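# Reading the structure
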Amino acid sequence: ADVAYLRSVLPSTTDDAFFDYLATLDASEVTVTAIPEGSVVFARVPFLQVKGPLLVVQLLETTLLCLVNYASLVATNAARFRLLAGPDMKLMEMGLRRAQGPDGALSASKYSYIGGFDCTSNILAGKLYGIPVRGTIAHSFVMSFRCLEEVQPRELPPRAGGDPVDLAALAVSWLQRVCDLLQTPPGKANQGELAAFVSYAVTFPCDFQGLLDTYCVRRSGLPNFCAVALALHQLGYQAIGVRLDSGDLAQQSKEIRRVFRACGAHFQVPWFGTIPIAVSNDISEQSLEEFRREGSEIDMIGVGTNLVTCPLQPSLGCVYKLVEVNGSPCLKLTEDEEKMTIPGMKTIYRLYDAAGHPFMDLMALEEEPSPSAGQELGIRVLGRLGETTKVIPSTVETLHRTYFKDGQVCEPLPSLPEVRTHAQVSLNLLSPAHRQLHEPQPYPVCPALPTFPLGNATW
């Protein structure tokens, strides 16, 4: 069917033998070596190499670049958020509504998870890939209620058993006590919001959470949530969190934590002061930097638009270049030095220092001997080829592995959690100077010495 379609769109003068040849193409003649998925890869390092008949490997170009570019871009973007947030902050991907279509959304969920996010709001991604799914109630749910009379059902049995209790009436009694403690008029608390919280709590008593900013956090959302959470506690249940979606998130989180602690101490509910606080609202890298600078009581951050659309770098410029034909190295010369290629099939080595940090990636031709730990190496850093430097690595790692050869997958492909773990380990191995997001120390990528001659030039 594919060949028939090509016949319909290519010029009518195309030789029939060409279409007959296309039908005989065999991918089993292709060999693919690659740096393992989830590894940290630096500029100019070939992270994937494809060998095979020229036409076959050329046909793979667009497919491979499509599969790699956006995936790597999103995973890298997610890793930056993880580095800024620190290891203990929970990060939730929630960019489905802003992603570039359903396929882009699924890719964003998958590769954000690899990059270090803990969970996704995309239920389909959870179903297809096993990513943990999380979410909170919506403003529209809160706004759909007007009064407590709309709550049906409204009774909830105690967790330990017994007769059902009117949760709405119990929450109203707790609201008065909470407002007295907070010195807030009970009449300022929105009754529709209270009804929404009660309705949600009756349905999900073990998973009750509140969205606090539909009307006013201080006068309504916070006292209403505390009232329902304390009513649930009286019946043996425990609320699991709140979310903020507007305003000064860091400052509000600190105010909310003070209220939770005050309620916990006053009403003798010890766990109340540790209720998790989640935030959203167009979170960016700058937002995370502000949270760290100002201090906050935030436990979970939901990131959407600035994660899945990658506004700081909308595309990743991975390229697919011919470097050797029939054993002869190929070199692309161009006016743009960045687009010049490095000829020959290569083996990539990562060199580690005594502290266990990678400090250099070394590119050598496949036929060249591999470097060894403790061996002095002469190198030239790309961009500074006129300078020769000598280094002695403590450990040497060969990065490329053969994944596909003779029509067969050569080693088991890792699961999504394994790739995610490998990505975090790879990032953590980097030295702080290379890992920092602002003005990082450039990571050197070097060809091995002696260099190989090509015509009258040496590269």
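Cut-off values and rules
- Residues numbered from 1 in each chain as written.
- Predicted model: local features only at pLDDT ≥ 70, side-chain atom pairs only at ≥ 80, totals over all residues.
- Heavy atoms only, no water.
- Helix = DSSP H or I, 4+ residues; strand = E, 2+ residues; numbered from the N terminus.
- Buried < 20%, exposed > 50% of the residue type's maximum accessible area, 1.4 Å probe, protein only.
- Contact = heavy atoms within 4.5 Å.
- Lys, Arg positive; Asp, Glu negative; His and termini not counted.
- Charge placed at Lys NZ, Arg CZ, Asp CG, Glu CD.
- Expected span 1.5 Å × (residues − 1).
- Polar contact = N/O pair within 3.5 Å; in protein donor to acceptor, adjacent residues only side chain to side chain.
- Patch = residues over 30% accessible without salt bridge, like charges linked within 9 Å, V, L, I, M, F, W, Y side chains within 5 Å.
- Areas by Shrake-Rupley, 256 points an atom, 1.4 Å probe, with all protein chains shown as cover.
- Salt bridge = Lys/Arg side-chain N within 4 Å of Asp/Glu carboxyl O.
- Core = buried A, V, L, I, M, F, W, Y, C linked by side-chain atoms within 4.5 Å.
- Domains from an automatic or database assignment.
- Pairing = 2+ DSSP bridges.
- UniProt positions renumbered as here; feature names shortened; annotations may be inferred.
- pLDDT = per-residue confidence, 0-100.

### Some details on the overall build of the protein chain
- The helix and strand inventory of the protein chain stands at 15 helices and 22 strands.
- Counting only C-alpha atoms, the protein chain reaches 90 × 60 × 40 Å along its principal axes.
- Here the protein chain holds 459 residues, and 43% of them are scored as buried.
- Taking the intrachain contacts of the protein chain between residues at least 6 apart in sequence as the baseline, contacts between residues at least 24 apart amount to 65%.
- Of the charged side chains in the protein chain, 37 are positive and 48 negative, and the gap between their average positions amounts to 6 Å.

### Some remarks on the side chain of Q424
- Residue position: Q424 is located in helix α14 (residues 416–429).
- Look at Q424 and you get buried, because its relative accessible area is 18%.
- The residues touching Q424, leaving out its near neighbours within four places in the chain, are R82, I114, G115 and G116.

### Thoughts on helix α10 (residues 217–234)
- Here α10 is 18 residues long and its end C-alpha atoms lie 24 Å apart, about the 26 Å a rise of 1.5 Å per residue gives.
- Counting buried positions over the 18 residues of α10 gives 14, a clear majority of the element.
- At the C-terminal side of α10, G236 shows a positive phi close to 100°.

### Regarding helix α9 (residues 191–203)
- Along its 13 residues, α9 runs 18 Å from first to last C-alpha, staying within 8% of the 18 Å computed at 1.5 Å per residue.
- Counting buried positions along α9 gives 11 out of 13 residues, so the element sits mostly inside the fold.
- By the burial criterion, the buried members of α9 are G192, E193, L194, A195, A196, F197, V198, S199, Y200, A201 and V202.
- Looking at the buried residues of α9, the elements they touch are α7 (139–143), β5 (155–156), α8 (167–182), β7 (209–211) and α10.
- Its side-chain oxygen 2.9 Å from the backbone nitrogen of G192, N190 forms the N-cap of α9.

### Structural notes on a nonpolar patch on the surface
- A cluster of nonpolar side chains, Y5, L6, V9, L10, F18 and Y21, forms an exposed patch at the surface whose accessible area comes to about 530 Å².
- Residue assignment for the nonpolar patch shows that the elements contributing at least two residues are α1 (2–9) and α2 (16–22).
- Among the elements that line the nonpolar patch, the one with the most residues is α1, at three residues.
- Looking at Y5, the relative accessible area reads 54%, which means it is exposed.

### Looking at the nonpolar core
- Ranked by size, the top nonpolar core spans 86 residues in total, and within it V198, F208, F225, F260, F272 and I301 carry the most contacts.
- Counting the residues that make up this core, at least three belong to each of domain 1 (21–57 + 325–447) and domain 2 (76–309).
- Counting 13 residues, the second largest nonpolar core, distinct from the first, contains A79, I342, L399 and L430.

### Points about the pairing of strand β18 (residues 401–405)
- Bridging between strand β1 (residues 31–34) and β18 involves three bridges; their strand directions are antiparallel. Its bridge partner being in β18, T33 is matched across the sheet by T402.
- Relative to strand β19 (residues 408–409), β18 runs antiparallel, the two sharing two bridges. When the bridges of β19 are listed, K405 appears paired with Q408.
- With antiparallel pairing between neighbouring strands as the criterion, β18 and β19 make up a hairpin whose turn holds two residues, including D406 at a positive phi of roughly 55°.

### Describing the UniProt feature "domain: Nicotinate phosphoribosyltransferase N-terminal" (unreviewed entry) in the protein chain
- Per the UniProt record, "domain: Nicotinate phosphoribosyltransferase N-terminal" (unreviewed entry) is annotated on residues 2–69.
- Along residues 2–69, the helical share is 44% and the strand share 12%, with 25 Å between the first and last C-alpha atoms.

### Side note on the confidence of the model for the protein chain
- The share of residues in the protein chain with pLDDT of 70 or more is 97%, and the mean pLDDT across the chain is 93.
- Every residue in residues 450–459 is under pLDDT 50, and counting partners more than four places away or in other chains gives 15 contacts.

### Remarks on the sheet that holds strand β3 (residues 90–93)
- Read across the open sheet, the six strands follow the order β4-β3-β10-β9-β8-β7; overall the sheet is parallel. Only two strands of the sheet have a single partner each, and these edge strands are β4 (119–120) and β7.
- As defined by bridge partners, strand β9 (residues 277–279) adjoins strand β10 (residues 300–303) across two bridges and the pair is classed as parallel. Residue V279 lies in a different strand from β10, and its bridge partner there is I301.

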